[in-house]
There are 2 protein chains.
Amino acid sequence: MGNDGIFEGSDDTRKALMKGTLQALREHGYADLTIQQIGEACDKSPSLLYHHYDSKDDLILAFLEQSLDRFEEGSTPQEFDDAREHLQAVFDTVFSDGGPGNDEDDESLMGALLELRMQAAHDQAYREHFTRHDRVMREKLTAIIKDGVEEGTFATDDPDGMAALLTTIFTGIHLQSATSYEGGGVPASDVREQLERLIEERLVVDKV
Amino acid sequence: MGNDGIFEGSDDTRKALMKGTLQALREHGYADLTIQQIGEACDKSPSLLYHHYDSKDDLILAFLEQSLDRFEEGSTPQEFDDAREHLQAVFDTVFSDGGPGNDEDDESLMGALLELRMQAAHDQAYREHFTRHDRVMREKLTAIIKDGVEEGTFATDDPDGMAALLTTIFTGIHLQSATSYEGGGVPASDVREQLERLIEERLVVDKV
């Protein structure tokens, strides 16, 4: 993981801090979150947290980077029958929580992650993280699509362009689901159906 | 326009207030914006603004609703040779400023509009506006696609589903362009190219 070389403490401590940050974000959101609350969530003193991280944002960025590392390294092609199944697994992650690296369907966490993404509009460190986030997502999808082309499941002359489009769709789903009511807006289920059709018609070789 | 019946003042006053709100959002963003600053931007006193609107958010929501009304009523099929050209005009609007109802390519305005959309994560009035925003966008696109099917330019069995997908892509473009660097992330130009291909391959009848 990307932060192993930076963190000066035991691996157990780092794990506890990351887990506590996730829990604190889920419970309190980002705007009003304090180092004190993160400390409570991982049963550590604020002074220990400040020993390892300069600020709340420093800790949260480490958490985001670690989640992204996990997403980047996770879900290898070997775990799936084919690229199509691998792609479905990524869709499942995106549609359940709006972002990579989290296991639970959790609306409050999704809201907090969007708050964090919004920091990127005016904070350079967050902007660098989410630039990497979009690049990692795009590269992951490109790799899966290329795997599919190689194994004969998919056909496309532009895996990277298709990956860019899918990344943008995921981002749109995340923002829409947090900021408009499903009924009146654009239900995520409709978009997923369209996404499946897009994959069928633009990528999958074995059309019915 | 949707607010004509509500606003108790001359049409000139309303127009000046809407124009000033747009200018103030562009100059100051949303977070630190004051009624005083909006007043300065439209050369009116804060007391006049408070006579017509209860709060800064009340005024901004009226501005957003009016912009959306304009988008909803604007760009009729008669203005274009065919549905494809009409769709391109909507794309041009989205790619130049990330949202409907604004004429200029303006990064600071786009950032402010995203800040406003983010209010919808925790504020019911904004959430209702952006729910309507997504619905209006979807309905506008559905109507254009149906026009295309009727005139023989487009072929699809699900205009509404395609419109939902396009709406999500627009939302994703808006969030990505404000929160990740183009180079490392997913450049809007790549996404537009993919969008054009999507339209070509999934909608347009007269394929080469």
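Residues numbered from 1 in each chain as written. Chains lettered and ligands numbered in written order. Predicted model: local features only at pLDDT ≥ 70, side-chain atom pairs only at ≥ 80, totals over all residues. Heavy atoms only, no water.

Student: What should I look at first to understand helix α9 (residues 188-202) of chain A in this one?
Tutor: A turn of α-helix holds 3.6 residues, and therefore any two residues three or four places apart point the same way. All names here are of chain A. With 15 residues, α9 extends 20 Å between its outermost C-alpha atoms, agreeing within 8% with the 21 Å of an ideal straight helix rising 1.5 Å per residue. Val191, Arg192, Gln194, Leu195, Leu198, Ile199 and Arg202 are the residues of α9 that are buried. One side of α9 holds all its buried residues, which, seen down the axis, span an arc of 160°. (Helix = DSSP H or I, 4+ residues; strand = E, 2+ residues; numbered from the N terminus. Expected span 1.5 Å × (residues − 1). Buried < 20%, exposed > 50% of the residue type's maximum accessible area, 1.4 Å probe, protein only. Arc of directions from axis to C-beta.)

Student: Looking at this model, I keep getting lost on the environment of Thr153 of chain A. Mind explaining?
Tutor: All names here are of chain A. Considering the arrangement of structural elements, one finds Thr153 in the loop between α7 (124-151) and α8 (159-179). Each C-alpha atom of the pair Thr153 and Val205 lies 5.6 Å from the other, and the pair is 52 residues apart in sequence. Among residues more than four places away in sequence, those in contact with Thr153 are Asp82, Arg84, Gly148, Leu203, Val204 and Val205. (Contact = heavy atoms within 4.5 Å.)

Student: Explanation requested: the relation of the copies chain B and chain A in the structure shown.
Tutor: Mapping one chain copy onto the other needs a rotation about an axis and a shift along that axis. Taken as rigid bodies, chain B and chain A are interconverted by a rotation of 180° and an axial shift of 0.0 Å, the fit giving an RMSD of 0.0 Å. The relationship between the two copies is best expressed as a two-fold rotation axis. Looking at the rotation axis and the C-alpha trace of chain B, the residue lying nearest is Gly172 of chain B, at 1.7 Å. Of the residues that chain B buries at the interface, 100% are likewise interface residues in chain A, meaning the two copies contact each other through the same surface. (Least-squares fit on C-alpha atoms with pLDDT ≥ 70 in both.)

Student: Would you take a moment to explain the pattern of salt bridges for this structure?
Tutor: Opposite charge on two side chains permits them to pair, given that their charged atoms come into close proximity. Residues and elements named next belong to chain A. Inspection of the entire model under this criterion finds 30 salt bridges over all chains. Measuring nitrogen to oxygen at the nearest pair gives 2.4 Å for the salt bridge that ties Glu65 to Arg132. Placement of Glu65 in helix α4 (residues 56-73) and of Arg132 in helix α7 is noted, with a sequence separation of 67 residues between them. The class for Arg132 is buried, based on a relative accessible area of 15%. Its salt-bridge partner being Asp160, residue Arg138 comes within 2.6 Å of it at the nearest N-O pair. One end of the pair, Arg138, is in helix α7; the other, Asp160, is in helix α8, and 22 residues separate them in sequence. Accessibility expressed as a relative area gives 7% for Arg138, which makes it buried. (Salt bridge = Lys/Arg side-chain N within 4 Å of Asp/Glu carboxyl O.)

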